[in-house]
Number of protein chains: 2
Amino acid sequence: MDNFTFYSPTLFAFGDGQAKTTGGLVRRFGGTKALLIYGGGSVKRNGAYDAVTASLKEAGIPFSELSGIQANPRSGKVYEGVGMVRKEGLDFILALGGGSVIDTAKAVGMGAVYDGDFWDFFSGKAEINGTVPVGTVLTISAAGSEGSNSCVITHENGNLKWSIPKSEKADIVRPKFSILDPRYTCSLPAYQTACGAVDMMAHICERYFSNTPDVALTDRICEALLKTIVDAAPKAMEDPNDYAARADLMWAGMLAHNNSCGVGRVQDWASHQIEHELSAFYDCAHGAGLAVVMPAWMEFVFTHDVMRFARFAVEVFGCEMNYAEPEDTARQGIRRLREFFRSLGMPTTLKEIEGAKAEDIPKMVAHRKEKPNGFPFGGFVKIGPEEMAEILRGTDQ
Amino acid sequence: MDNFTFYSPTLFAFGDGQAKTTGGLVRRFGGTKALLIYGGGSVKRNGAYDAVTASLKEAGIPFSELSGIQANPRSGKVYEGVGMVRKEGLDFILALGGGSVIDTAKAVGMGAVYDGDFWDFFSGKAEINGTVPVGTVLTISAAGSEGSNSCVITHENGNLKWSIPKSEKADIVRPKFSILDPRYTCSLPAYQTACGAVDMMAHICERYFSNTPDVALTDRICEALLKTIVDAAPKAMEDPNDYAARADLMWAGMLAHNNSCGVGRVQDWASHQIEHELSAFYDCAHGAGLAVVMPAWMEFVFTHDVMRFARFAVEVFGCEMNYAEPEDTARQGIRRLREFFRSLGMPTTLKEIEGAKAEDIPKMVAHRKEKPNGFPFGGFVKIGPEEMAEILRGTDQ
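Residues numbered from 1 in each chain as written. Chains lettered and ligands numbered in written order. Predicted model: local features only at pLDDT ≥ 70, side-chain atom pairs only at ≥ 80, totals over all residues. Heavy atoms only, no water.

Attention shifts here to the overall build of chain A. Assigned secondary structure in chain A consists of 15 helices and 9 strands. On C-alpha atoms alone, chain A measures out to a radius of gyration of 20 Å, which is about the 21 Å that the 2.2 N^0.38 rule sets for 397 residues. For chain A, the spread of C-alpha atoms along the principal axes amounts to about 65 × 45 × 45 Å. Counting over 397 residues, chain A shows a buried share of 64%. Within chain A, residue pairs in contact and separated by at least 24 positions form 77% of the contacts whose partners lie at least 6 positions apart. Accessible surface, chain A as shown: approximately 13900 Å² in total, 49% of it carbon and sulfur. Averaging the positions of the 40 positive and the 49 negative side-chain charges in chain A gives two centres separated by 4 Å. (Helix = DSSP H or I, 4+ residues; strand = E, 2+ residues; numbered from the N terminus. Rg over C-alpha atoms; globule rule 2.2 N^0.38 Å. Buried < 20%, exposed > 50% of the residue type's maximum accessible area, 1.4 Å probe, protein only. Contact = heavy atoms within 4.5 Å. Areas by Shrake-Rupley, 256 points an atom, 1.4 Å probe, with all protein chains shown as cover. Lys, Arg positive; Asp, Glu negative; His and termini not counted. Charge placed at Lys NZ, Arg CZ, Asp CG, Glu CD.)

What follows is the structure, given as structure tokens:
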């Protein structure tokens, strides 16, 4: 086990009806005038908007609104939010939605207390040194941004889908509180539920596939989460109102990415890096892109540590261990993962992503090169431009 | 799954050599003049005292010392610490040791900002409303107090071993930071290593045995932790310097009690309640008392939910499931747990605890009655005076 720091100071209020605590929590964490950020009509249809705004009013917290945040959130809305916070002297940012809304809120929070361009934190020009406090009311189980120190924004200028660097400084962006009411996820389209399940499984796998020895405890916690998602996601697809399944997915999604599963080990993150190019090029859902990339990445790398992939097959999918030929078990686990994604209605080949074509692969690799520290990436197996191209070619079936 | 709040804002700095960050962390959390609390010579022998005080000096943090804290920590030292904090205007409390030292630090922290007697928080006369910030440098993997909102103190006046009530208010006592260096636990006597393993297993079992339905994810996380402890504890006993085993135990001990395993479910805590009387009467180590009480409690309650105990047997100890007679599997799990405790050198019967005798059982039950809300207790099966006596009689083998 490697040395590590783990700091997840977010207060989680979980369960049916918790949105009524929003106003009190904003106050508890020092907010007096809030910026409420959300996407579109879904939070108005599922009752979340009404519950949250009623609670803010009851607590005497005035708020301004920034809406229209979309999947793969864009820099434009961040600049708009930063302007509002500054002009109106707002002292709390409340994200109501999923990862895109929360990441926008985090970027606004960082940007509002910084003299320069918020993008400096993404391009590596500046280190995060503070934020307007952010709280969240989660309505999609997927990105885990409600408990994480991650933030991914796409800059319209150059179509750059970049993250803030992983460092202890990034802990500044962890939300003060997150309200997780599984009921709000019951009205999600099946496609989004599936994308969410893939995303959280990816967050775990990016940590699980590691070369660090002696990480028995986090290995088992990763498997506990993966098994739970494999069990709960089909239930939520079959009966969208299955509260127990929705609750399992929602808590698993948070734990998948607050780094409970990743402490003390070198993590991988290659599939995420490759997927970011897919969604930058085709604006596909992050989860859908991951469903295409992840099994292809696994097929490319599994010979690097056959026994770890065999363990994945046995512990997560209940495959029988082939002690004579562990490679066979390892391959079976990857096959089962791809079948699982397909059973959720996810694409698993490049051509299933709208507009995607193999001819773009060199362009995606070239685009990746523009990123600061673009190559190599991947903590489990180092991925250079050639390897990235080969993994992407593996998705062209 | 029940609604819940989860708030574990402690910063954990884990690994070899992390004590050198102590001074910086005290500063980060606002400390300028500290009270350093510890037990006896062991922290001086294992290098922890030197590393911590060097770091405080380097960071320019003056400190006073309160030493001599013993197992089952006493109120006298708390009063002494409260007096020192007030008189010397100290603004940070640093615990260097295990659960007893940390609980003393927490009680001093609460008491120092309260006009009345700190015991009011334990007797239910007053609600916790603040604390001097507390940080910890852990040297024993056991109590989990480094990440928990628990605090147990024995009042010399009446030999009352009482806890602060479990409530959201208790989150105030969670440490600001905890430094977890597994190396400091390598020099523990084998008996203390074993007591620690039992204590953390108990913290998990008290949460695992629950009547709340639909808690699949936390069930699996509990099992992940229990399996890890069952695997790591014998390794640490066999080779005290096995860093990987010590690291597994140290992180498992924290997760066992920061409530990662207990969210969304009614918890039990009957074994702990009964054990508190054992250690109040005989001043036995908490872990040793639990090794005696827990299997006896299990034998008394397992028919209440045979399948849960069968699952425990299969998932934690790898027992084969007897589908025809699940009771048989359930019993086997309890037997395996007791054998495991014995293999660690723990007592599993009353008479193995120095001074303990069956004739005291009625006195222990009577003593329990003096406690606020003394009976019934237990979230899995309600335990009244008769049941407590019967469980204790079950330990007299």
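Another aspect to go through is the relation of the copies chain B and chain A. Turning chain B through 180° and shifting it by 0.0 Å along the axis lays it on chain A, with an RMSD of 0.0 Å. Taken together, the rotation and translation describe the operation of a two-fold axis. In terms of proximity to the rotation axis, the leading residue of chain B is Pro-9 of chain B, whose C-alpha is 1.8 Å off the axis. Of the residues that chain B buries at the interface, 100% are likewise interface residues in chain A, meaning the two copies contact each other through the same surface. (Least-squares fit on C-alpha atoms with pLDDT ≥ 70 in both.)

Attention shifts here to the environment of Gly-68 of chain B. You can see Gly-68 of chain B is positioned in the loop between strand 4 (63-66) and helix 4 (75-88). Beyond its immediate sequence surroundings of up to four residues, Gly-68 of chain B is in contact with Tyr-38, Gly-39 and Lys-77 of chain B.

What follows deals with the sheet that holds strand 6 (residues 134-138) of chain B. Pairing in this open sheet of 7 strands is mixed, and the strands run 1(A)-2(B)-9(B)-6(B)-5(B)-3(B)-4(B) from one edge to the other. Two strands close off the open sheet at either side, each with one partner strand: strand 1 (4-7) of chain A together with strand 4 of chain B. Averaged over all pairs of adjacent strands, the angle between their axes in this sheet comes to 15°, without regard to strand direction. The pairing of strand 1 of chain A with strand 2 (residues 11-14) of chain B spans 4 bridges and is classified as antiparallel. Pairing of Thr-5 of chain A across the sheet is with Ala-13 of chain B, part of strand 2 of chain B. Contacts from helix 3 (residues 48-58) of chain B reach strand 3 (34-38), strand 4, strand 5 (92-97) and strand 6 of chain B within the one sheet, and its direction differs from that of strand 5 of chain B by about 155°. Packing against the sheet, helix 5 (residues 99-112) of chain B makes contact with strand 3, strand 5 and strand 6 of chain B, and its axis sits at approximately 165° to strand 5 of chain B. (Pairing = 2+ DSSP bridges. Axes fitted to C-alpha atoms, helices over the stretch in contact; angles between N-to-C directions.)

Turning our eyes to something else, we now look at helix 9 (residues 243-255) of chain B. Residues and elements named next belong to chain B. When the terminal C-alpha atoms of helix 9 are compared, their 18 Å separation across 13 residues agrees well with the 18 Å that a helix rising 1.5 Å per residue should span. The buried fraction of helix 9 is high, at 13 of 13 residues. Between the side-chain oxygen at the start of helix 9 and the backbone nitrogen of Ala-244 there is a gap of 3.2 Å, and the oxygen is on Asp-242. (Expected span 1.5 Å × (residues − 1). Polar contact = N/O pair within 3.5 Å; in protein donor to acceptor, adjacent residues only side chain to side chain.)

In this section: the sheet that holds strand 9 (residues 177-180) of chain A. In spatial order, the strands read 4(A)-3(A)-5(A)-6(A)-9(A)-2(A)-1(B); together these 7 strands make up an open sheet with mixed pairing. Sheet topology places strand 4 (63-66) of chain A together with strand 1 (4-7) of chain B at the edges, where each strand pairs with a single neighbour. When strand polarity is set aside, the average angle formed by the axes of neighbouring strands in this sheet is 15°. Taken together, the 4 bridges between strand 2 (residues 11-14) of chain A and strand 9 of chain A define a ladder with parallel strand orientation. Along strand 9 of chain A, the bridge assignment pairs Ala-13 of chain A with Ile-179 of chain A. Contacts from helix 5 (residues 99-112) of chain A reach strand 3 (34-38), strand 5 (92-97) and strand 6 (134-138) of chain A, with the element oriented near 165° to strand 5 of chain A. Lying over the sheet, helix 9 (residues 243-255) of chain A contacts strand 2, strand 6 and strand 9 of chain A together with strand 1 of chain B, oriented at roughly 175° with respect to strand 2 of chain A.

Counting residues in each nonpolar core, the largest one holds 240 residues, and the members touching the most others are Phe-122 and Trp-251 of chain A together with Phe-122 and Trp-251 of chain B. Other than its neighbours up to four places away in sequence, Trp-251 of chain A contacts Phe-12, Phe-14 and Leu-180 of chain A together with Phe-4, Phe-6, Leu-217 and Val-263 of chain B. (Core = buried A, V, L, I, M, F, W, Y, C linked by side-chain atoms within 4.5 Å.)

Residues and elements named next belong to chain B. With 12 residues, helix 12 (residues 306-317) ought to run about 16 Å at 1.5 Å a step, and its terminal C-alpha atoms sit 16 Å apart, in line with that. Every buried residue belonging to helix 12 is among Val-306, Arg-308, Phe-309, Ala-310, Phe-312, Ala-313, Val-316 and Phe-317, and all of these are buried. Among the structural elements, helix 7 (190-208), helix 8 (216-238), helix 11 (286-301) and helix 13 (326-343) are those in contact with the buried residues of helix 12. One or two steps after helix 12, the chain reaches Gly-318, where phi turns positive at roughly 65°.

Okay, the packing of aromatic side chains next. Scanning the entire structure with this criterion turns up 58 aromatic pairs over all chains. With a centroid separation of 6.0 Å and 80° between ring planes, the pair formed by Phe-118 of chain A and Trp-119 of chain A is classed as edge-to-face. An identical accessibility class is assigned to Phe-118 of chain A and Trp-119 of chain A; each is buried. Centroid distance Phe-209 of chain B to Trp-297 of chain B: 5.8 Å. Interplanar angle 70°. Geometry classified as edge-to-face. Remark: Trp-297 of chain B occurs in helix 11 and Phe-209 of chain B occurs in the loop between helix 7 and helix 8; sequence separation between them is 88 residues. Here Phe-209 of chain B falls in the buried class, since its relative accessible area comes to 0%. Trp-297 of chain B sits in the buried class, given a relative accessible area of 2%. Ring pairing ties together the aromatic residues Tyr-208, Phe-209, Trp-297, Phe-302, Phe-309, Phe-312, Phe-317, Phe-340, Phe-341 and Phe-380 of chain A, which thus form one cluster. Taking the ring centre of Tyr-7 of chain B as reference, the NZ or CZ of Arg-28 of chain A above it sits at 5.4 Å. (Phe/Tyr/Trp six-rings, centres within 6.5 Å; stacked < 30°, edge-to-face > 60°. Lys NZ or Arg CZ within 6 Å of the ring centre and 35° of its normal.)

Another point: the interface of chain B and chain A. Contact with chain B, which involves 36 residues of that partner, is made by 36 residues of chain A. Buried area between chain B and chain A, summed over both chains or domains, comes out near 3200 Å², and the portion from carbon and sulfur atoms is 62%. Remark: the boundary between chain B and chain A carries 0 salt bridges. Seen at the junction of chain B and chain A, the total is 8 residue pairs in polar contact (both at pLDDT 80 or more). Of all the secondary structure elements, the ones that give two or more residues to the side of chain B that touches chain A are strand 1, strand 2, helix 8 and helix 9 of chain B. Of the residues in the side of chain B that touches chain A, the class split is 22 nonpolar, 7 polar and 7 charged. (Buried area = accessible area lost by both parts, 1.4 Å probe. Salt bridge = Lys/Arg side-chain N within 4 Å of Asp/Glu carboxyl O. Nonpolar A, V, L, I, M, F, W, Y, C, P; charged D, E, K, R; others polar.)

As a further point, take the packing of helix 4 of chain B against helix 5 of chain B. All names here are of chain B. Interhelical geometry of helix 4 versus helix 5 gives an angle of 50° and a closest axis separation of 8 Å. The orientation of helix 4 relative to helix 5 falls into the category oblique. As helix 4 runs across helix 5, the sense of the crossing is right-handed. For the pair formed by helix 4 and helix 5, the contact residues are Lys-77, Val-78, Gly-81, Val-82, Val-85 and Arg-86 on the first element and Thr-104, Ala-107, Val-108, Gly-111 and Ala-112 on the second. (Parallel < 35°, antiparallel > 145°, perpendicular 65-115°, else oblique. Left-handed = near helix turned anticlockwise from the far one by under 90°.)

Time to look at unusual backbone geometry. Where the residue is not glycine, phi is negative for most of them; where a peptide bond is considered, it is trans in most cases. In this structure, Pro-376 of chain A follows Phe-375 of chain A across a cis peptide bond, with omega equal to -15°. As for its position among the elements, Pro-376 of chain A is in the loop between helix 14 (361-369) and helix 15 (385-394). With a phi angle near 85°, Asn-259 of chain A is a residue other than glycine that sits in the positive phi range. Note that Asn-259 of chain A resides in the loop between helix 9 and helix 10 (270-282). For Asn-259 of chain A, a relative accessible area of 18% translates into the label buried. Even without a glycine there, the phi angle at Asn-72 of chain B is positive, about 50°. Mapped onto the elements of the fold, Asn-72 of chain B is located in the loop between strand 4 and helix 4. With a relative accessible area of 7%, Asn-72 of chain B lands in the buried category.

Turning to the pattern of salt bridges, a few remarks are in order. Residue and element names in this part refer to chain A. Counting across every chain of the model gives 26 salt bridges over all chains. In this structure, Asp-219 engages Arg-265 in a salt bridge whose closest nitrogen and oxygen atoms are separated by 2.7 Å. Placement of the pair is Asp-219 in helix 8 (residues 216-238) and Arg-265 in the loop between helix 9 and helix 10, with a sequence separation of 46 residues. The pair formed by Asp-219 and Arg-265 is uniform in burial state, with each residue classed as buried.

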